[in-house]
Amino acid sequence: MRKFKIDKNLSTRLAALSAAGIIFVTGLTGCKSKENKTEIVNSEIVAMVEDTNTNIDTIIPEASDEIVDNASIMLLLDIIAKEDENGKISADAISELKSKLDVDDMMSEFNSFLDMIGSNAKDGIVEKVSTVLPDKLKNDKVILSNIETILENIIKYSKEGNKSGVVAEFNKIYTLFVEEKELEMNGTTFEIRDLTFPSRAVATTYAETAAYYSRNYISKDKYEKIDKRTNDQNNKAYIKSKLEILANQMEEKSEVDVIGLFNAKYEEVTNLLNGKVNLDEETIKDLVNYMNLKYLDGDKVATKDMNELVGEYDDEKVNTIINGIEAINTYNFNNQNNIIPFSVFLVDEHLKTDTGKSDKIALDFVQYNTIMLNNTDDVKTYDELRNNPYFNNIFKYFTKQNFTHIQKDKDGKEINNDIVWQEVSDGVNFVNYQVILDSLNKLPKVNNIDNYKEVTQENLGQSIQYIQNTIMDECKKVDATEYVKTK
């Protein structure tokens, strides 16, 4: 189960104070310490988010840690950032959950969560978000439960070909979303506006799926109207606005000593390369930083710490790092009994995340298959290339397919590591695409190999674009051909 860290170690301190016989007393009977009360409230919210994480894991086990964590915070946003009597919200509670808020990333993860809900529903499985919500959102639980029932009925009737049943249930969705009127179900009268904005986003996802199953049974006019209404993203705009207010309030701090963590990794990599590959100190630092950029840009690291480590973006740095990757590749190809794994460039804190775990496997996968491909002597024609198992693995990677990396544990037992390509970070893709390009350049010039190089080059350019945009915090188009060697 995922656990958020509470910075103030509240439960430990309260237990220690209680054991020491210390109680908080103010000058007036009935008054309480405001700070202590706030801490207790925040700790309850943290526990609520953790419970919601567990509940989401139950209904959508395929969701990554990042998606689950952010979906929980989004669904509970009205509790986490409750407005006071003056309509103001405080970042105190969310500061216990995150070191900083990357609003765009959180919105993206929440959209991924909603996409999973919608995709599963189109497969006939209604994931009931009402069951993951805490009792403090009882109103949302009841309303979502009723909408989930409507959707289940529509799916059931559509599979049976029961037009009247589909239409009757769809009209309830139409009443709520298009006519924006009250609906009475199971003794409860409600409107969509009675939901919190995050729950409205979930309800809208259900409505989209209801329209999908009803499309062959309802009029074109009704379908177009429900389609237009469910494409209205006002609820998400409100959520984003609230997150931006919280982000501006938060005093960022990293969860761990990030500067110390990366300095130790720089030293470790320097010692590993010593006497093998001649890279200067700055290139080593830049390569480590870029490979861990997803972690540095995440919500566990303060922006000031990231900026201190990474510095400014520089085109020349990219060229130098690419040359460094090529130098490591050359060493590894010539010293296959003592290779330098690129995965050792990943810091431990990044490896604890789902993305970090995928990154490590992706690096090992590409490094192993490129070395084995270049060891093969019988790749002299296009057919021989396409029949080569190592090339086919590489082909999956640079065509952005999911892949499986088979490794052996210490007892020699094979472990299948199934990786979704989208879960690999662009900082690691930057290295992997350069490794693949180096490997393709070593092969004989067979038919279509230039096309494969071009695809890999384009992918490499996209990864460089990500690095530039992340560091510069802006979208400035790069010309990847400036950096990429194709021969």
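Quick summary incoming for the structure in this document. Just so it is clear, the structure is predicted and the values come from calculations on it, not from any experiment. (Residues numbered from 1 in each chain as written. Predicted model: local features only at pLDDT ≥ 70, side-chain atom pairs only at ≥ 80, totals over all residues. Heavy atoms only, no water.)

### Things to note about the overall build of the protein chain
The criterion, for reference: Elements are defined by DSSP. Helices are runs of H or I of four residues or more, strands are runs of E of two residues or more, and each kind is numbered from the N terminus. When a residue's accessible area, from a 1.4 Å probe over protein chains only, is under 20% of the maximum for its type it is buried; when over 50% it is exposed; and in between it is partly exposed. Contacts were defined at the residue level, with two residues in contact if any of their heavy atoms lie within 4.5 Å. Per-residue accessibility takes into account occlusion by the displayed protein chains alone, with areas from the Shrake-Rupley method and a 1.4 Å probe.
Secondary structure assignment for the protein chain yields 22 helices and four strands. Out of the 487 residues belonging to the protein chain, those deemed buried represent 47%. Here the analysis covers contacts within the protein chain between residues at least 6 apart in sequence; of these, 71% occur between residues at least 24 apart. Roughly 24000 Å² of accessible area belongs to the protein chain as shown, and the carbon and sulfur atoms make up 46% of that amount.

### Some thoughts on the packing of aromatic side chains
Note the threshold: Only rings of Phe, Tyr and Trp enter the pairing, Trp through its six-membered ring, and a pair is recorded when the two centres are within 6.5 Å. The plane angle decides the type: under 30 degrees is stacked, over 60 is edge-to-face, the rest tilted. The criterion is that NZ of a Lys, or CZ of an Arg, lies within 6 Å of the ring centre and within 35 degrees of the ring normal, and then a charge sits over that ring.
Overall, the coordinates contain 16 aromatic pairs when judged by the stated rule. Ring pairing ties together the aromatic residues F391, F395, F398 and Y452, which thus form one cluster. Over the face of the ring belonging to Y212 we find K122, whose NZ or CZ atom lies 4.9 Å from the ring centre. Stacked on the ring of Y212, the Lys or Arg R215 has its end atom at 4.2 Å from the ring centre.

### Comments concerning unusual backbone geometry
The phi torsion at E180 lies on the positive side, around 55°, for a residue other than glycine. The topology assignment puts E180 in the loop between α8 (163-177) and β1 (183-185). If you check the backbone angles, N448 has positive phi at about 75° while not being a glycine. Mapped onto the secondary structure, N448 falls in the loop between α21 (426-442) and α22 (449-472). Relative accessible area serves as the criterion here: at 37%, N448 is assigned to the partly exposed category.

### Quick look at a negative patch on the surface
Applicable threshold: Patch membership is restricted to residues that have no salt bridge and whose relative accessible area is over 30%. Joining uses 9 Å for like charges and 5 Å for the nonpolar side chains Val, Leu, Ile, Met, Phe, Trp and Tyr. Here a salt bridge means any side-chain nitrogen of Lys or Arg lying within 4 Å of a carboxyl oxygen belonging to Asp or Glu. By the counting scheme adopted, Arg and Lys are positive, Glu and Asp are negative, and His together with the chain ends is not counted. Taken as the charge centre is NZ of Lys, CZ of Arg, CG of Asp or CD of Glu, depending on the residue.
Together, D115, E208, E224 and D227 line one region of the surface with negative charge. Mapping D227 onto the fold places it in helix α10 (residues 220-230).

### Overview of the pattern of salt bridges
Applying the stated rule across the entire model yields 16 salt bridges. Between R229 and E180 there is a salt bridge, and its shortest N-O distance comes to 2.9 Å. In this pair, R229 sits in helix α10 while E180 sits in the loop between α8 and β1, placing the two residues 49 residues apart along the sequence. Using a relative accessible area of 29% as the deciding quantity, one classes R229 as partly exposed. Between D286 and K317 there is a salt bridge, and its shortest N-O distance comes to 3.6 Å. Highlighted residues: D286 in helix α13 (residues 281-291) and K317 in helix α16 (residues 315-334), separated in sequence by 31 residues.

### Remarks on the environment of D364
Rules: Nitrogen and oxygen atoms within 3.5 Å of one another constitute a polar contact, given that in protein one can donate a hydrogen and the other can accept it, and given that sequence-neighbouring residues count only through two side-chain atoms.
Tracing the chain through its elements places D364 in helix α18 (residues 354-375). Using a relative accessible area of 13% as the deciding quantity, one classes D364 as buried. Residues D364 and P341, spaced 23 residues apart in sequence, show a C-alpha to C-alpha distance of 7.2 Å. Among the polar contacts listed, one links the side chain of D364 to the side chain of K360, at a separation of 2.9 Å.

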